[in-house]
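Here's the letter readout for the chains.
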Amino acid sequence: MRTDEEPNVTPEQSRGPARPDDGVEAPKPTVLHQMGGTAGFVYSTVPVVVFVTANAFLPLPVAVGIAVATGLALSVFRLSRGERLVSAAGSLLGVALAAGIVVWTGSARDFFVIGIWASLAGFVVTFGSVLARRPLTGVIWNALHGGTWAWRSDRPVCVAHDVATLAAASVFGARFVIQQWLYLADSTGALGIARVAMGTPLTVLAALVVLWAFRRSTRRLIRTN
């Protein structure tokens, strides 16, 4: 029998708010968060816009220098906000490599050549994984959850990862086809526009499909066991 002197409190309330040393596991950062979040994709487009704009009015070496300086400034800004060194410096490395190729070849269009061929590589890997009946998003999901799930034997899950991986392959393929066509046409300005337009928007769309496949896999394989 409960007396008036015994307050009706739960064990959680009696312990007080959770503290870091209470054994409560903090949520793990997502892959998108580790890459700098959606803002990271936006940051990566700024040096592209700066380079294309500067190249239209200034000599090529000056445009390259301005783009690299912009990438450096963005990296310092992101580090000052507490972002991871890998994500903050990653975009700077890409800009520096692209600038190095431009300096070497003397052609402004080569600022985009790394991204173009990276898109082709991404298409080959993602589409090839579907042909091999091991869609890449499913492999990644399984690895993130211990690598022991028989996800390929669950048809709805496997189909979901086929769709998600094909969505990623479509993004990579479209980027390569359009940007390679503009590269061969030596249209630097249009390449910059295509890089921005086919960057963050298409990445977000593909990420939503991948997220759907991940959640479907978790709901069917983990929460039902």
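Residues numbered from 1 in each chain as written. Predicted model: local features only at pLDDT ≥ 70, side-chain atom pairs only at ≥ 80, totals over all residues. Heavy atoms only, no water.

1. Observations regarding a nonpolar patch on the surface
Here is the rule: Note on patches: the residues involved have over 30% relative accessible area and no salt bridge, like charges join within 9 Å, and the nonpolar side chains Val, Leu, Ile, Met, Phe, Trp and Tyr join within 5 Å. Shrake-Rupley sampling with a 1.4 Å probe provides the accessible areas, and residues are treated as covered by the protein chains on show and by no other component. Whenever Lys or Arg places a side-chain nitrogen within 4 Å of a carboxyl oxygen from Asp or Glu, that contact is recorded as a salt bridge. The way it works is that DSSP assigns letters per residue, a run of H or I at least four long becomes a helix, a run of E at least two long becomes a strand, and they are numbered from the N terminus. Partly exposed describes any residue whose relative accessible area lies between the buried limit of under 20% and the exposed limit of over 50%, with all areas from a 1.4 Å probe on protein chains only and scaled to the type maximum.
A cluster of nonpolar side chains, contributed by Phe57, Leu58, Val62 and Ile66, occupies part of the molecular surface with about 370 Å² of accessible area. In this fold, Ile66 is placed in helix α4 (residues 60–80). Residue Ile66 is classed as partly exposed on the basis of its relative accessible area of 31%.

2. Details of the confidence of the model for the chain
Using the following cut-off: The pLDDT value expresses, per residue, how confident the predictor is, ranging between 0 and 100. Residues are treated as being in contact if the distance between any of their heavy atoms lies within 4.5 Å.
Scored by pLDDT, the chain comes out at a mean of 82, with 80% of its residues at no less than 70. Note that pLDDT drops below 50 for residues 1–7; the model gives that stretch three contacts with residues more than four away or on any other chain. Under a pLDDT of 50 for its full length, residues 9–36 has, in the predicted model, 16 contacts with residues more than four places off or in other chains.

3. Describing helix α10 (residues 200–222)
Cut-off, in case you're wondering: Expected helix span is given by 1.5 Å per residue-to-residue step, counting one fewer step than there are residues.
Taking 1.5 Å per residue as the helical rise, α10 with its 23 residues ought to reach 33 Å, and the 31 Å between its terminal C-alpha atoms agrees with that figure. Every buried residue belonging to α10 is among Thr200, Ala206, Ala213, Phe214, Ser217, Thr218 and Leu221, and all of these are buried.

4. Notes on the pattern of salt bridges
Where side chains of opposite charge bring their charged atoms close, a pairing between them can arise. In this structure the tally under the stated criterion is two salt bridges. In this structure, Arg133 and Asp162 form a salt bridge, with 3.3 Å as the shortest nitrogen-oxygen distance. Here Arg133, found in the loop between α6 (113–131) and α7 (136–144), pairs with Asp162, found in helix α8 (residues 155–184); they are 29 residues apart in sequence, far enough to count as distant. Taking relative accessible area as the criterion, Asp162 reaches 12% and is therefore assigned buried. We note a salt bridge from Arg220 to Asp154, for which the minimum N-O separation is 3.0 Å. With Arg220 in helix α10 and Asp154 in the loop between α7 and α8, the pair connects residues that are 66 residues apart, well separated along the chain.

5. A short note on unusual backbone geometry
If a residue is not glycine, its phi is most likely negative; likewise, a peptide bond is most likely trans. A positive phi angle, near 65°, is found at Arg133, a position not held by glycine. Positive phi values are uncommon outside glycine, yet Asp186 reaches one of about 55°. With respect to the element layout, Asp186 can be found in the loop between α8 and α9 (188–197).

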